[in-house]
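Notes for the structure review
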Amino acid sequence: MANNNTSRKSNFYQVLSLSSESVGPEEIKKAYRKLARQHHPDVRPASGKEESTRRFLEIREAYETLSDPDSRLAYDYELSNVNSVGRPRRSDCWSSSRAVWQMQLHGLKERSRVRMERKSYSS
């Protein structure tokens, strides 16, 4: 699940140099691989190893969050509730409740899909 520290961390879409939040899984994976190769501590000079390790871990965290549909949904929800100065937005109760409901519905559908797959394998 996404971090609750969204306001203190970089925007994961910006970390992966993605231009918008409407990118698909392939674009996320492509951006991750490119940046991971650039910033992997094993390919960086020893003088910048600490910085490259920090950057690589940040890139990996962004990828892990955005590549998992449930984590990405939760992250996008948190991101939409943080204003430009990093403080939670005051949103009306309806939109907030709707987003929570959509996250719960997504989780239920995913569990149902997994359960149906298990049934088909056991048959």
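To start, this report covers the structure provided alongside it. (Residues numbered from 1 in each chain as written. Predicted model: local features only at pLDDT ≥ 70, side-chain atom pairs only at ≥ 80, totals over all residues. Heavy atoms only, no water.)

This brings us to the pattern of salt bridges. A complete count under the given rule lists seven salt bridges for this structure. D76 is the salt-bridge partner of R72, the closest N and O atoms lying 3.9 Å from each other. Of this pair, R72 and D76 are both found in helix 4 (residues 69-80), four residues apart, which corresponds to roughly one turn of the helix. Given the relative accessible area of 14%, R72 is considered buried. For D76, a relative accessible area of 21% translates into the label partly exposed. One salt bridge connects R113 with E117, and the closest N-O pair in it is separated by 2.5 Å. With R113 and E117 both in helix 5 (residues 93-122) and four residues apart, the pair spans about one turn of that helix. When salt bridges that share partners are traced, they join E51, R54, R55 and E58 into one network. (Salt bridge = Lys/Arg side-chain N within 4 Å of Asp/Glu carboxyl O. Helix = DSSP H or I, 4+ residues; strand = E, 2+ residues; numbered from the N terminus. Buried < 20%, exposed > 50% of the residue type's maximum accessible area, 1.4 Å probe, protein only.)

A word on unusual backbone geometry. The backbone phi angle of S17 is positive, close to 60 degrees, even though this residue is not glycine. Structurally, S17 can be placed in the loop between helix 1 (12-15) and helix 2 (25-39).

Turning our eyes to something else, we now look at the nonpolar core. Grouped together as the largest cluster of nonpolar side chains are 18 residues, with contacts concentrated most on Y13, L16, L18, I28, Y32 and L66. The set of elements that each furnish at least two residues to this core consists of helix 1, helix 2, helix 3 (49-67) and helix 4. (Core = buried A, V, L, I, M, F, W, Y, C linked by side-chain atoms within 4.5 Å.)

Glancing now at a positive patch on the surface. A cluster of basic side chains, namely R111, R115, R118 and K119, defines a positive patch on the protein surface. Structurally, K119 can be placed in helix 5. (Patch = residues over 30% accessible without salt bridge, like charges linked within 9 Å, V, L, I, M, F, W, Y side chains within 5 Å. Areas by Shrake-Rupley, 256 points an atom, 1.4 Å probe, with all protein chains shown as cover. Lys, Arg positive; Asp, Glu negative; His and termini not counted. Charge placed at Lys NZ, Arg CZ, Asp CG, Glu CD.)

Right, let's talk about helix 2 for a bit. Between the first and last C-alpha of helix 2 there are 21 Å, a value that for 15 residues agrees with the 21 Å anticipated at 1.5 Å per step. For helix 2, the set of buried residues is I28, A31, Y32, L35, A36 and H39. End-on view of helix 2: buried residues confined to an arc of 130 degrees, all on one side of the axis. With respect to the buried face of helix 2, the exposed residues turned more than 90 degrees away are E26, K30, K34 and R37. (Expected span 1.5 Å × (residues − 1). Arc of directions from axis to C-beta.)

With their axes 9 Å apart at the nearest point, helix 2 and helix 3 run at an angle of 165 degrees to one another. Accordingly, the angle class assigned to the pair helix 2 and helix 3 is roughly antiparallel. In this structure, helix 2 meets helix 3 at a crossing whose hand is left-handed. Facing I28, K29, Y32, L35, A36 and H39 of helix 2, the residues of helix 3 in contact are S52, R55, F56, I59, R60, Y63 and L66. (Axes fitted to C-alpha atoms, helices over the stretch in contact; angles between N-to-C directions. Parallel < 35°, antiparallel > 145°, perpendicular 65-115°, else oblique. Left-handed = near helix turned anticlockwise from the far one by under 90°. Contact = heavy atoms within 4.5 Å.)

All quantities given are derived from atomic positions and should not be read as evidence of function.
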